[in-house]
Amino acid sequence: GHQSEGGVNLRLFWYPEHTGVKGEGSVYARLGITKRLTFAVKGSGGYSSTKIPEEALFDLYYTEDANVRSGYSQQELRAADYILASAEVRFTVLETYIPPILNCVVQPFVFADASQTLSSTKVGDKDFFDAYGLGVRVLLNNPVFAYFTFSYGVNNEGDGRFLFCGTAGY
């Protein structure tokens, strides 16, 4: 009936030519409230040594499932150190089979994202970023396993952004 899941992801990057390192970690949980309603949360953070190149900064603009989904610029959402929290309420409105075996799930959701950059090596002037919005996922399961997410979010300044990603979400 109600499926719940959790997980942890840790990554470490080494830049030998710059003698620098960066690491990031995340933890997520999905709680199946009912068969069709799911609450999902994710927290992540990253830390960099001061010797990494600028192109290796964390990207909170493009990174799937670890970004701020609103109208900030790409430059504003790059930082050497960060924390990020995200929450979604998902509701499955359609689960059907496309003959003969393709399982298709349509799942609208509402979300909120919040991120804080932690170091003076950030690119922009701001250090807090937020997003609130709506989206829909189209999940094509067995045997294709193709996932598409469409979302639109605004920040507290009213700036919005549309995103299309190839992900099933966290």
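A short tour of the structure in this document, coming up.

How each quantity is defined
- The written sequence of each chain sets the order in which its residues are numbered from 1.
- At least 70 in pLDDT is required for a residue's local features to be given in this predicted model, at least 80 for side-chain atom pairs to be given and counted, and no such filter applies to totals for whole chains, interfaces and linings, which use all residues.
- To obtain the side-chain values, all non-hydrogen atoms of the structure were used and water was disregarded.
- Strands are runs of DSSP state E lasting at least two residues, helices are runs of H or I lasting at least four, and both sets are numbered from the N terminus onward.
- Categorising residues by exposure relies on relative accessible area from a 1.4 Å probe, with only protein chains included: less than 20% of the type maximum marks a residue as buried, more than 50% marks it as exposed, and the intermediate range marks it as partly exposed.
- Should any heavy atoms of two residues lie within 4.5 Å, those residues are considered in contact.
- Note that accessible areas follow from Shrake-Rupley with a 1.4 Å probe, and for residues the cover is restricted to the protein chains shown.
- Under the pairing criterion, centres of Phe, Tyr and Trp rings, with the six-membered ring standing for Trp, must be within 6.5 Å; the plane angle then separates stacked pairs below 30 degrees from edge-to-face pairs above 60, leaving the rest tilted.
- A ring has a charge above it when a Lys NZ or an Arg CZ is no more than 6 Å from the ring centre and no more than 35 degrees off the ring normal.
- Residues form patches when they are more than 30% accessible in relative terms and have no salt bridge. Like charges link within 9 Å. Nonpolar side chains (Val, Leu, Ile, Met, Phe, Trp, Tyr) link within 5 Å.
- Salt bridge, as used here, is a side-chain nitrogen of Lys or Arg placed within 4 Å of a carboxyl oxygen of Asp or Glu.

1. Remarks on the overall build of the protein chain
When its secondary structure is counted, the protein chain shows zero helices and 11 strands. When the helices and strands of the protein chain are placed in sequence order, the string is β-β-β-β-β-β-β-β-β-β-β. For the protein chain, the C-alpha atoms occupy an extent of roughly 55 × 35 × 25 Å along the three principal directions. Looking at the protein chain as a whole, 41% of its 170 residues qualify as buried. Long-range contacts, defined here as pairs at least 24 residues apart, represent 54% of the contacts in the protein chain between residues at least 6 apart. For the protein chain, the accessible area works out to roughly 9,200 Å², and carbon and sulfur atoms hold 60% of it.

2. Side note on the packing of aromatic side chains
This model, assessed by the stated rule, comprises six aromatic pairs. Taking the ring centre of Phe 109 as reference, the NZ or CZ of Arg 137 above it sits at 4.4 Å. In this structure, Arg 161 is placed above the aromatic ring of Tyr 61, and the distance from its NZ or CZ to the ring centre is 3.9 Å.

3. Thoughts on a nonpolar patch on the surface
A cluster of nonpolar side chains, namely Leu 31, Ile 33, Phe 39, Val 41, Val 89, Val 110 and Leu 134, defines an oily patch on the protein surface of about 560 Å² accessible area. On the secondary structure map, Val 110 appears in strand β8 (residues 102-117). Taking the relative accessible area as the measure of exposure, Val 110 reaches 39% and is therefore partly exposed.

4. Side note on the environment of Ser 49
Positionally, Ser 49 belongs in the loop between β3 (37-48) and β4 (58-59). You can call Ser 49 buried: its relative accessible area is 19%.

5. A word on the side chain of Ser 70
Along the polypeptide, Ser 70 turns up in the loop between β4 and β5 (78-79). On the accessibility criterion, Ser 70 (0% relative accessible area) is buried. Aside from chain neighbours lying at most four places away, what touches Ser 70 is Asp 130, Ala 131, Gly 153, Val 154, Asn 155, Asp 159, Gly 160 and Arg 161.

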